[in-house]
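# Architecture and fold: a report
The primary structure of each chain is shown beneath.
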Amino acid sequence: MAPDGEAAGRRRVVVADDDILLREGLASLLELSGFHVVGRAGDASELLRLVRELVPDLAIVDIRMPPTNSTEGLDAAGLIRLEFPEIAILVLSAYVDVNHAMTLLESGDRSGYLLKSRVTDVDEFIDTLERVCRGGSVVDPSLVRELLTARRVNDPLEGLTPREREVLELMAEGRSNAGIGKRLWVTEGTVEKHVRSILAKLRLPETTDDHRRVLAVVAFLETR
């Protein structure tokens, strides 16, 4: 379906959530923020139909959808990733679930996992959508903090300095070195030194691939 003149150049989005108030609220927010909402779905079947018909740039998907409200949304996101790897996917969840987050992120880049409560910070939410659309992987900060604060015997994170923990948290959220530097008010060169130190202490190989870096760090933390 060809976009009209007004919508040309705007990112095309399909929004899927069985809560009509949240779904319509998200759609309105996206339109006001410069996105073009081309479809709305209340269940996984309708989501898949719309995605196959419209092939949007981004799909925003509730993790739990009818008829069983278990993992229909996540399962649909997996099918979208297989059929349309170029489509960015952001899965929304009401609570932190490590396994579901990793299932999504392991499926490829252009993926994000965010708590629904994070939508209330409009600027941060829109920034997250843009990062995912540009090819990044985004993990909700609450999930990262849960992983970082978990204590285990012989926890390898014990060797990290407080600043390195801050950098690791932001790195696992999907932020670039430049983005981390802006958040912490330090130079990008300083962040690069911290990242090299973190990867060395965690015995993870250095890489310039942002997606692999996020997956490596979060997957490592999940297994501890």
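See the structure above.
Presented here is a report on the structure given in the accompanying data block. (Residues numbered from 1 in each chain as written. Predicted model: local features only at pLDDT ≥ 70, side-chain atom pairs only at ≥ 80, totals over all residues. Heavy atoms only, no water.)

### Structural notes on the side chain of Asp17
Tracing the sequence through the fold places Asp17 in the loop between β1 (12–16) and α1 (20–32). Note on Asp17: relative accessible area 0%, which makes it buried. Within the structure, the side chain of Asp17 is placed 2.8 Å from the backbone nitrogen of Asp19, a separation counted as a polar contact. A polar contact is formed between the side chain of Asp17 and the side chain of Lys116, at a distance of 3.2 Å. (Helix = DSSP H or I, 4+ residues; strand = E, 2+ residues; numbered from the N terminus. Buried < 20%, exposed > 50% of the residue type's maximum accessible area, 1.4 Å probe, protein only. Polar contact = N/O pair within 3.5 Å; in protein donor to acceptor, adjacent residues only side chain to side chain.)

### Quick word on the packing of helix α2 (residues 44–54) against helix α3 (residues 72–83)
Contact pair α2 / α3: the axes reach a minimum separation of 9 Å and the direction vectors enclose 20°. When the axis of α2 is compared with that of α3, the two are roughly parallel. Handedness of the α2/α3 crossing: right-handed. Taking contact as the criterion, the partners of Ala44, Leu47, Leu48, Val51 and Arg52 in α2 are, on α3, Glu72, Ala76, Leu79, Ile80 and Glu83. (Axes fitted to C-alpha atoms, helices over the stretch in contact; angles between N-to-C directions. Parallel < 35°, antiparallel > 145°, perpendicular 65-115°, else oblique. Left-handed = near helix turned anticlockwise from the far one by under 90°. Contact = heavy atoms within 4.5 Å.)

### Overview of the pattern of salt bridges
Applying the stated criterion to the full structure yields 12 salt bridges. Notably, a salt bridge pairs Glu166 with Arg163, separated by 3.2 Å at the nearest N-O pair. Placement of both Glu166 and Arg163 in helix α7 (residues 162–172) is noted, with a separation of three residues, approximately one turn of the helix. Through salt bridges with shared partners, a single ionic network connects Asp17, Asp62 and Lys116. (Salt bridge = Lys/Arg side-chain N within 4 Å of Asp/Glu carboxyl O.)

### Description of the sheet that holds β1
Across the sheet, which stays open at both edges, the six strands sit in the order β2-β1-β3-β4-β5-β6 with parallel pairing between neighbours. Looking along the sheet, the strands with just one partner apiece sit at the ends: β2 (36–41) and β6 (137–139). Geometrically, the sheet is characterised by an average inter-axis angle of 20° between neighbouring strands, direction not taken into account. Two strands pair when backbone bridges link them, and strand β3 (residues 58–62) and strand β4 (residues 88–93) are joined in this way by five bridges, in the parallel orientation. (Pairing = 2+ DSSP bridges.)

### Some points on empty space enclosed by the protein
Under the counting rule described, the total for this entry stands at one cavity of 30 Å³ or more. As for the largest cavity, its lining consists of Leu114, Glu124, Thr128, Arg131, Val138, Val139, Pro141, Glu173 and Arg175. When residues of the lining of the largest cavity are traced back to their parent elements, those giving at least two are α5 (122–133) and β6. (1 Å grid on protein atoms, 1.4 Å probe; cavity = no way out; pocket = protein on both sides within 12 Å on 5 of 7 lines; lining within 4 Å. Points joined across faces, edges and corners; volume = space filled by probe spheres on them.)

### Quick look at helix α9 (residues 188–201)
Helix length check: α9, at 14 residues, gives a terminal C-alpha distance of 20 Å against a target of 20 Å (1.5 Å per residue), a fit within 8%. Along α9, the residues that are buried comprise Val191, His194, Val195, Ile198 and Leu199. One face of α9 carries all of its buried residues, which in axial projection span an arc of 130°. With respect to the buried face of α9, the exposed residues turned more than 90 degrees away are Lys193 and Ala200. Positioned one or two residues after α9, Arg203 has a phi angle of 60°, which is positive. (Expected span 1.5 Å × (residues − 1). Arc of directions from axis to C-beta.)

### Quick notes on the nonpolar core
By size, the foremost hydrophobic cluster in this structure holds 24 residues, and its most contacted members are Leu47, Val51, Ile80 and Ile87. Elements with a contribution of two residues or more to this core: β1, α2, β3, α3 and β4. Setting aside anything within four residues of it in sequence, one finds Leu47 in contact with Val14, Ala16, Ala41, Val61, Ala76 and Ile80. (Core = buried A, V, L, I, M, F, W, Y, C linked by side-chain atoms within 4.5 Å.)

### Let's talk about the packing of α7 against α9
It is at 10 Å that the axes of α7 and α9 come closest, and there the two elements cross at 90°. As the angle between them shows, α7 and α9 are arranged roughly perpendicular. Counted together, Arg163, Glu164, Val167, Leu168 and Met171 of α7 and Val191, His194, Val195, Ser197, Ile198 and Lys201 of α9 form the full contact between these two elements. Tallied by class, residues from the contact of α7 with α9 come to six nonpolar, two polar and three charged. (Nonpolar A, V, L, I, M, F, W, Y, C, P; charged D, E, K, R; others polar.)

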